[in-house]
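Report on the structure
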Amino acid sequence: MSIEKDKDLDDLFRKKLEDPVDPVGYNEADWDALEEMLGKRSKRGIVYWLPVLGSVAALLLLFFGYLVLRHPASVVKPGNGQQAVIPSKSDTITKNSATNQQAIVKPKTDTILPPASVNKPAGQGAKPLILAGSVAVIPKNSKSGGNYVPGATPNAGNRTSVATAAQAPVVKDGVSSRSDEVLVAYSPVSSLQEQLIFNAQVKAANRQGLIAAVHGANPANTSGSNKVKIKAKTGFQPRYAISILAAPDINGVGSFQQSKVGTNEGLLFSVGVSKKLTFSTGAIYSVKPYITPFEDYHTPYHFPVSPINVTADCRMLDIPLNVGYQVYSKHQNTLSLGTGLSSYIMLHESYKFNYAGGSIYATGPTSYTVPNSNKYFFGVLNLNATFQHQVNSKVGFSVQPYMKLPLTNIGYSQVRLQTTGVAIGINWNLNSSSKP
Amino acid sequence: MGEEELHQLIRGCIKQDRKCQKMLYKAFYGFSMGICLRYAGNRDEAAEVMNQGFFKVFTHIEKFDQSRPFKAWLGKIMMNASIDFYRANLKMAYTEDLDNAEHVTDGELVDKNLNYEDLIKMVQQLPQAYRTVFNLFAIEGYSHEEIGEMLNINPGTSKSNLHKARHKLKQMILNADAGRKGGNYNSGANYNTSIVAIRTIDMNGVFLNKGIRE
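First, a word on what this report is: a plain description of the structure on this page. (Residues numbered from 1 in each chain as written. Chains lettered and ligands numbered in written order. Predicted model: local features only at pLDDT ≥ 70, side-chain atom pairs only at ≥ 80, totals over all residues. Heavy atoms only, no water.)

1. Considerations on the overall build of chain B
Secondary structure assignment for chain B yields 10 helices and zero strands. Helices and strands in chain B line up, N terminus first, as α-α-α-α-α-α-α-α-α-α. Classification of the 214 residues of chain B by burial places 48% in the buried group. Counted over contacts in chain B with a minimum sequence separation of 6, partners at least 24 positions apart contribute 69%. (Helix = DSSP H or I, 4+ residues; strand = E, 2+ residues; numbered from the N terminus. Buried < 20%, exposed > 50% of the residue type's maximum accessible area, 1.4 Å probe, protein only. Contact = heavy atoms within 4.5 Å.)

2. Points about the interface of chain A and chain B
Every contact between the two is made by 39 residues of chain A and, on the other side, 48 residues of chain B. Of the roughly 4,200 Å² buried where chain A meets chain B, counting both sides, 66% is carbon and sulfur surface. Taken together, the connections running from chain A to chain B amount to five salt bridges. With a shortest N-O distance of 2.5 Å, A:Asp10 and B:Arg166 are connected by a salt bridge. Among the secondary structure elements, those contributing two or more residues to the side of chain A that touches chain B are α1 (3-18), α2 (28-73) and β13 (367-369) of chain A. Ranked by residues supplied to the side of chain A that touches chain B, first place goes to α1(A) with 11 residues. Its residues assigned to classes, the side of chain A that touches chain B comprises 21 nonpolar, seven polar and 11 charged. (Buried area = accessible area lost by both parts, 1.4 Å probe. Salt bridge = Lys/Arg side-chain N within 4 Å of Asp/Glu carboxyl O. Nonpolar A, V, L, I, M, F, W, Y, C, P; charged D, E, K, R; others polar.)

3. Things to note about the packing of aromatic side chains
Evaluation of the coordinates by the stated rule reveals 12 aromatic pairs over all chains. Centroid distance A:Tyr26 to B:Tyr25: 6.2 Å. Interplanar angle 80°. Geometry classified as edge-to-face. Here B:Tyr25 lies in helix α2 (residues 18-27) and A:Tyr26 lies in the loop between α1 and α2, a pairing that spans two chains. The exposure class of A:Tyr26 is partly exposed, given its relative accessible area of 28%. Judged by centre distance (5.4 Å) and plane angle (85°), the ring pair of B:Phe64 and B:Phe70 falls under edge-to-face. (Phe/Tyr/Trp six-rings, centres within 6.5 Å; stacked < 30°, edge-to-face > 60°.)

4. Some words on the pattern of salt bridges
Applying the stated rule across the entire model yields 15 salt bridges over all chains. In this structure, the salt-bridge partner of B:Arg166 is A:Asp6, at a minimum N-O distance of 3.4 Å. Within this pair, whereas B:Arg166 is found in helix α9 (residues 155-182), its partner A:Asp6 is found in helix α1, the two belonging to separate chains. The class of A:Asp6 is buried, set by a relative accessible area of 13%. Ionic pairing is found between A:Glu28 and B:Lys22, a salt bridge with its closest N-O pair at 2.5 Å. With one member in each of two chains, A:Glu28 in helix α2 and B:Lys22 in helix α2 form a pair that bridges those chains.

5. Some points on the state of the cysteines
Residue and element names in this part refer to chain B. Tallied over the full model, the rule gives zero disulfides over all chains. Left unpaired, Cys13 is separated from the closest cysteine sulfur, that of Cys20, by 5.7 Å. On the basis of relative accessible area, Cys13 is assigned to the buried category, the value being 0%. With relative accessibility at 16%, the residue Cys20 sits in the buried group. (Disulfide = S-S within 2.5 Å.)

6. A short note on the environment of B:Asp17
One can find B:Asp17 in the loop between α1 (3-14) and α2. Considered as a pair, B:Asp17 and B:Phe58 are 41 residues apart in the sequence and their alpha carbons are 9.9 Å apart.

7. Description of the nonpolar core
Counting residues in hydrophobic clusters, the biggest one holds 67 residues, and the most contacted among them are A:Phe13, B:Leu24 and B:Phe58. No other element matches helix α5 (residues 70-88) of chain B, which puts nine residues into this core. Sequence-distant contacts of A:Phe13, defined by excluding residues within four places in its chain, comprise A:Glu18, B:Leu119, B:Met122, B:Val123, B:Phe134, B:Ile139, B:Leu169 and B:Ile173. In terms of nonpolar packing, the next biggest core, distinct from the first, is built from 22 residues, A:Met316, A:Tyr344, A:Tyr351 and B:Ala88 among them. (Core = buried A, V, L, I, M, F, W, Y, C linked by side-chain atoms within 4.5 Å.)

8. Details of helix α3 (residues 29-39) of chain B
Across the 11 residues of α3(B), 10 count as buried, placing the element largely inside the fold. The complete set of buried residues in α3(B) reads B:Tyr29, B:Gly30, B:Ser32, B:Met33, B:Gly34, B:Ile35, B:Cys36, B:Leu37, B:Arg38 and B:Tyr39.

9. Things to note about the pairing of strand β14 (residues 375-390) of chain A
All names here are of chain A. Where strand β12 (residues 333-354) lies against β14, 12 bridges are found, and the strand directions are antiparallel. Bridge pairing in β14 links Gly338 to Asn384. Pairing of β14 with strand β15 (residues 395-406), which is carried by nine bridges, proceeds in the antiparallel orientation. In the sheet register, Gln390 faces β15, and the bridge partner there is Gly396. (Pairing = 2+ DSSP bridges.)

10. Some thoughts on the environment of A:His331
Position of A:His331 relative to the elements: it lies in the loop between β11 (309-330) and β12. Considered as a pair, A:His331 and A:Gln390 are 59 residues apart in the sequence and their alpha carbons are 8.8 Å apart.

11. Structural notes on helix α6 (residues 116-125) of chain B
Residues and elements named next belong to chain B. Along α6, seven of the 10 residues are buried, which leaves the element largely enclosed by surrounding structure. Within α6, the full set of buried residues consists of Tyr116, Asp118, Leu119, Ile120, Met122, Val123 and Gln124. Where α6 begins, the capping side chain belongs to Asn115, and its oxygen is found 3.2 Å from the backbone nitrogen of Glu117. (Polar contact = N/O pair within 3.5 Å; in protein donor to acceptor, adjacent residues only side chain to side chain.)

12. Some remarks on the side chain of A:Asn427
Residue and element names in this part refer to chain A. Considering the arrangement of structural elements, one finds Asn427 in strand β16 (residues 417-429). For Asn427, the side chain forms a polar contact with the side chain of Ser243, separated by 2.9 Å. Once you skip the residues sitting within four places of it in the chain, Asn427 turns out to touch Ile242, Ser243, Gln388, Lys394, Val395, Gly396, Phe397 and Ser398.

13. Re the packing of helix α7 (residues 128-139) of chain B against helix α8 (residues 144-151) of chain B
Residue and element names in this part refer to chain B. Packing of α7 against α8 brings their axes to within 10 Å, and their N-to-C directions diverge by 135°. In terms of axis orientation, α7 runs oblique to α8. Judged by the sense of rotation from one axis to the other, the crossing of α7 with α8 is right-handed. Across the interface between the two elements, Thr132, Val133, Leu136 and Phe137 of α7 pack against His144, Ile147, Met150 and Leu151 of α8. Counted by class, the contact of α7 with α8 contains six nonpolar, two polar and no charged residues. (Axes fitted to C-alpha atoms, helices over the stretch in contact; angles between N-to-C directions. Parallel < 35°, antiparallel > 145°, perpendicular 65-115°, else oblique. Left-handed = near helix turned anticlockwise from the far one by under 90°.)

14. Considerations on a nonpolar patch on the surface
All names here are of chain A. Nonpolar side chains collect at one region of the surface, where Tyr325, Val327, Tyr328, Leu335, Leu337, Phe387, Val399, Val422 and Ile424 lie side by side and expose about 770 Å² of accessible area between them. Mapped onto the nonpolar patch, the elements with two or more residues apiece are β11, β12 and β16. In terms of residue count, the dominant contributor to the nonpolar patch is β11 (three residues). Structurally, Ile424 can be placed in strand β16. (Patch = residues over 30% accessible without salt bridge, like charges linked within 9 Å, V, L, I, M, F, W, Y side chains within 5 Å. Areas by Shrake-Rupley, 256 points an atom, 1.4 Å probe, with all protein chains shown as cover.)

15. A look at unusual backbone geometry
All names here are of chain A. Phi at His331 takes a positive value of approximately 50°, unusual for a residue other than glycine. Given a relative accessible area of 73%, His331 falls into the exposed group. Not every positive phi belongs to a glycine, and Phe378 is a case in point at roughly 50°. Secondary-structure assignment places Phe378 in strand β14. For Phe378, a relative accessible area of 17% translates into the label buried.

Structure follows, in structure tokens:
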């Protein structure tokens, strides 16, 4: 065929098809179909915020969990006797001492400053603000708790000097010339309510780190210890754990009569919010092949000849949000029952149509790959039982029979896809101090 | 529809106003179907693709630059929806080998009596792969390189498919013309190769029976 003839042919079709003179008549049924599509989307829009809310809740959980975890670590452990840490409220230190009353704080370096070296410049008075009394050195930036080394034995009759915070009796330590040290003098009496009184003796032993041995605890000190004890009893540390799991499972539509085996691999993050209650979430890559009778396959496409059944290959990301309750715990073994909801994010979705008498191409399509796969938020109910064996404080193994039941129709074909399987996992406790 | 009225409808659609959406849908139904019918195999398929296109329109209408012509934007979306559909059904799109095809003589192709209905049916008779390339090249005016990128095929494949599409269309036109001359072709719209084939088989059967009897 010559080029000119080709052009004529193209022109013929272009002129008549480009802009139809008699456009196709409007069909109300087409609008109804579109309206249904639009309606579906707005319905999805309502639940769209749910995963966002879930993420926010998980972040809040993490944040508060972190706070709870962090708090006990900053409190003096009774019985340890080697570290004295000021509770967070106290920004200053008071001290009674008989002779060379001093409190030395070293903010950054972890060595102990000899008492004299501080006393001298203070006594020589670099500044008169420091009266002949107690001297404390605190770090400029110290907020809560630097490490303090109080002076010697108490003496009730000792004179003390007073300096309020507003007066800011801050003097640089001229001798040590360390810019990060300041001297503060004040009275323990005036700020008794806000400050803890330490009576301690410096153990000038060769300790590294800022260490003070607490001797002869006074009432204030004792009460502080009690407080810690109470906290240790009542405070609960959330347990964080990460699990890697793999699971073979079987998938079926409506029932498991015609089921196919799928695979799952994923990562789960769990938070134990109480001794028995655990929340978990994560991402699991699932390959879910299944076969369904054509009656259960819903499509707007009109098949010239109905296939007998449809084989589907779906790959998706399963994002569960589960809660587990521990029902049994002995030695290193625990058993929990769990439930929750899963969201499916389809990654690949293709269908193969099987016709009677083998594949007869001319009678209809043989396969279909969904171009824009969808997301199904909280469309699946999870039910599971988890048996966990803790090998040590860090590592454990788990076996989890589970079942996933559809709450909504899943996939392009809108099938009720259900799944059951057994997941096998390895768990790592992220906070090792906590007991499994 | 006036420009102002159209922009008012578009503003309504941005607010996801269902009435405005329907009015816009009705106003551009014929235009959109005209495009989708060219790419689709039949009316139902065209309606499905068109709805996919309108779905994209309504969900992304805020991205439409109102200083530009709406019809061109809509047409492009319909074309893309058709291409998406083609890609999704790629495995269904079979190709035919023309080696065994009968030789088509160069006759007078431009039959002035062929109307829109005749021609759209001919295009719809084409295998999807040929139809899509023919539409993009002959009607939309894209080059083979552009078509190759759009359909994720080689420009060579695009050329080959265009050649085969033209060949088949030419055959159809000639057959339609012959049918009309022979009185079997009513409106030019009922061109159907399968019917011809069935008749041929029937004839053979008759001939064989006669042979046995004799």
